[in-house]
Number of protein chains: 2
Amino acid sequence: MAEIDRYLKEHAARFEDELCQWLRIASVSADGSYRDDVYTAGEWLATQFRDLGLSTQLVETDGFPVVHAASEPVPGAPTVLVYGHYDVQPPDPLEEWISPPFERTRREGNLYARGATDDKGQLFTHVKSAEAWVRCHGKLPVQLKFVVEGEEEVGSVNLGPFLKQRHQALESQLVVISDTSQFGPGQPAITYGLRGIAYYELRLKGSKQDLHSGSFGGAVSNPATVAARLLAALVDNEGRIQVPGFYDDVTPIDDNERRQLASLGFDEEAFEQQIGVTGTTGEKGYTNLERRWTRPSYDVCGLAAGYQGEGAKTVIPATATAKLSFRLVPKQDPDKITNALRDFLQSLLPPGVTMELVDFHGSAGVVVPLDSPYVAAAARAIEHGFGKRPVNIREGGSIPVVSTFHDELGVDTLLLGWGLNDDNTHGPNEKFCLADFHRGISASARLWKELADC
Amino acid sequence: MAEIDRYLKEHAARFEDELCQWLRIASVSADGSYRDDVYTAGEWLATQFRDLGLSTQLVETDGFPVVHAASEPVPGAPTVLVYGHYDVQPPDPLEEWISPPFERTRREGNLYARGATDDKGQLFTHVKSAEAWVRCHGKLPVQLKFVVEGEEEVGSVNLGPFLKQRHQALESQLVVISDTSQFGPGQPAITYGLRGIAYYELRLKGSKQDLHSGSFGGAVSNPATVAARLLAALVDNEGRIQVPGFYDDVTPIDDNERRQLASLGFDEEAFEQQIGVTGTTGEKGYTNLERRWTRPSYDVCGLAAGYQGEGAKTVIPATATAKLSFRLVPKQDPDKITNALRDFLQSLLPPGVTMELVDFHGSAGVVVPLDSPYVAAAARAIEHGFGKRPVNIREGGSIPVVSTFHDELGVDTLLLGWGLNDDNTHGPNEKFCLADFHRGISASARLWKELADC
């Protein structure tokens, strides 16, 4: 391992430069105007794998291709599937970026760019650790199978079919994903739970075109007002989601886990300062961490209706659109919730307004077992890379593929996050701490060795 | 009058061409990028008045100038103030216009353009009727004082000061405004009541920037969700506005007026077809016409928050903005309502979200007396121009200047509308029926004569 650690130090600057190259490719999967960039970002990664001598394919799907690369089999050692994604979130709102989202900028030890931490930067640690093994020892101590998709930010709709189709080629003992956060700066973590997601676009339509709010106001249903009514009806004043049956499959948090979460010493004041608010809210009867990690939540992610320009325009909008999502906990079924939501919203619709509910993507939440030798191996590797033993945490976000891997390949996932909670992963000024980038590479390099000994 | 009627016929085509010229000037007062066009539209009109030999001024204000023109005094005859506006509503949504909003197009007997009926086309009937008198008889039978402003669509904030300042020069016995609609095609009307308006922009602010809805969802107030809650809380399921004290000053409709409105034979089915809906709603206990003419109403005119692009973006928006308006009935005080609204919204705000309520403009509703000789004169003039006696109606929209004229100059207003309810005055494809344009000119020319005899 000493030789590898030396190699990582020697090549640290180049690793950063290469990541910067990749970040300049604006691979926004949600917006068709970036289509070519998404392809380019996938090809760029494939070239990295080919240069390492990995068997590499860009596998076409009904959407963007999957980069599929594999090192040589290692008899007697487990096979590890490393998952990541080369697509990124849209950069909006652009005007709030201090430096342009696709011209990576180093500031105060961080790398600022869309995708810096989610997920190009984090995934790249595993690419570079593989490089170190190949360059120092000619091969890896375990077989790695990389599966890097270009549609994570739009629901990974083509990953399931891909896994199904390549079921045999992807046989492995565990999945490793770095797309989560540490518990805090200097406190690495293994994430054992994720929330699922159900994301929708609600489209309401009233009159055939915008109406004068004076001549017509009071006698017609206004889609914007109806949107407000429907969206408000989805949650009560105590933060309980009102879709009938929504909580039917929610497992209540047990006292053990409550105590464990409480022992993490969550700093509410620091949390508020970090995001710039003077108070928090949420479902009654739960702590901040419990709300975000173990309870479902509801958010309106976008609203659009009528006149949004400068000044006043007295119209009754013909249409209103809302994007909304539920974060789900394990055992909640996104499809069941979609049906219940559609029925509930439909029941609230007044005459003169019709609705369409577009179901963007859904995935169940997941909790992975903590008592495997792989988890212990990961803890040792992280302690090596970060100089501190990781804590066990859950995470409020969704990595739908974790349940996909479980369902399609029958394997559990190790979530080893090198990011930080204030990395602005879906907002402006996304960043990745460069020290954590290098610690992540070191932990990853050690992980292959620790897993080989399992 | 025969000579005048002949003149109007002879010059009908030119009148249309001139109106088209004026409509090509995109005088959108709400949007700063059209600033120069607003000035140009005012100057164009001033040139029309100067060509008629009227004493004409473009009077500077703190906003756009007022076109002020006057014909010679006529001893023994009343002085008539003709009001109109040369500014227009924004043309959004542009993509829904069949022909471009500022390249007037004639189709099926209509002239399509932003401002065709609101208010350039309607005002222009009085300019052309004045021309006919001047060209045929060298002078008008009454003194006309034109006051045409460029800020009606943004609240007429500088008209009050203008009227106050020119109080003496504007002395008159009545105001004539054509900025309303007929009761239906072929059924002209005199409008005796208007609703007032109070228009706001509600700005909500949460975290310092957009947050990842997975990592943070459930523990922070979401401005978009809060916007929905506040906007929904403003009205109950029976259409009653919930701002405390909102109905305190609302005069209940009396049985007499109920009967009169019922006698107009309102066609609910035609109404629904016209605007393309399969049902209407509104305050419980009132008919469609009563709701729109005699009762206050509430509408959300615009919504903007978070991600509005293609696909899914899982954010908790940092801000949310809504435009909303109340239509008011006589005696409701916009300022009183603004204060009550602000307090009510503030009382509903959860921790972690702050609000700003921008008060765009407000005006009271108005009902004008029907038993004056001027009303009788107008009815005769309209019968001459349109070939049918007008009915007496109210209108749901606001012409705030009607109360301004009452308050500043002490005169009542005759609202003589040549438009139609389906003219799309604030929406795409605004139009003006060309036959009504010419009937309006004829009625207007006769009106000056009828008023001279009062």
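One structure accompanies this document, and this report is about it. Owing to the predicted nature of the structure, the values given are computational and were not obtained by experimental measurement.

**Description of the overall build of chain A**
The helix and strand inventory of chain A stands at 14 helices and 18 strands. Burial statistics for chain A: of 454 residues in total, 56% are counted as buried. Counting only contacts in chain A whose residues sit at least 6 apart along the sequence, the fraction spanning at least 24 positions is 80%.

**Here we look at the sheet that holds strand S9 (residues 196-205) of chain A**
In a beta sheet, neighbouring strands are held together by backbone hydrogen bonds and run either parallel or antiparallel to one another. The sheet built from eight strands is open, its strands ordered S14(A)-S9(A)-S13(A)-S11(A)-S11(B)-S13(B)-S9(B)-S14(B) with antiparallel pairing. With partners counted over all chains shown, the strands left at the sheet margins are strand S14 (354-363) of chain A together with strand S14 (354-363) of chain B, one partner each. With direction set aside, neighbouring strand axes in the sheet form an average angle of 20°. Relative to S14(B), strand S9 (residues 196-205) of chain B runs antiparallel, the two being bridged by nine bridges. Within S14(B), the position partnered with B:Arg203 by the bridge is B:Glu356.

**Structural notes on the relation of the copies chain A and chain B**
Look at the two chain copies: a rotation about an axis and a shift along it is all it takes to match them. Taken as rigid bodies, chain A and chain B are interconverted by a rotation of 179° and an axial shift of 0.1 Å, the fit giving an RMSD of 0.1 Å. Interpreted geometrically, this transformation is the action of a two-fold axis. Rotation axis and chain A: the residue whose C-alpha lies nearest the axis is A:Ala228, separated from it by 2.0 Å. Of the interface residues in chain A, 100% have counterparts in chain B that sit at the interface too, so the contact is made through matching surfaces.

**As for the pairing of strand S7 (residues 174-177) of chain A**
Residues and elements named next belong to chain A. Judged by which residues are buried, S7 turns out to be covered on both faces: Leu174 and Val176 on one side and Val175 and Ile177 on the other are all buried. Taken together, the four bridges between strand S3 (residues 79-85) and S7 define a ladder with parallel strand orientation. Paired with valine 80 across the two strands is leucine 174, which belongs to S7. In terms of strand pairing, S7 meets strand S17 (residues 413-417) through three bridges, oriented parallel. Across the sheet, isoleucine 177 pairs through a bridge with leucine 415, a residue of S17.

**Some details on the environment of B:Cys136**
Residues and elements named next belong to chain B. Residue placement: cysteine 136 occurs in helix H4 (residues 120-137). Here the alpha-carbon distance between cysteine 136 and aspartate 5, two residues 131 residues apart in the chain, equals 9.9 Å. Filtering out sequence-adjacent residues up to four positions away, cysteine 136 remains in contact with Glu3, Ile4 and Tyr7.

**Brief notes about the interface of chain A and chain B**
Listed as interface residues are 87 residues of chain A and, on the opposing side, 87 residues of chain B. Counting residues per element, the side of chain A that touches chain B draws most heavily on strand S11 (residues 297-306) of chain A, which supplies nine residues.

Here is what the cut-offs are and how they apply
- Residues numbered from 1 in each chain as written.
- Chains lettered and ligands numbered in written order.
- Predicted model: local features only at pLDDT ≥ 70, side-chain atom pairs only at ≥ 80, totals over all residues.
- Helix = DSSP H or I, 4+ residues; strand = E, 2+ residues; numbered from the N terminus.
- Buried ≥ 20, exposed ≤ 12 C-beta atoms within 10 Å, placed from the backbone.
- Contact = placed C-beta atoms within 7 Å.
- Pairing = 2+ DSSP bridges.
- Axes fitted to C-alpha atoms, helices over the stretch in contact; angles between N-to-C directions.
- Least-squares fit on C-alpha atoms with pLDDT ≥ 70 in both.

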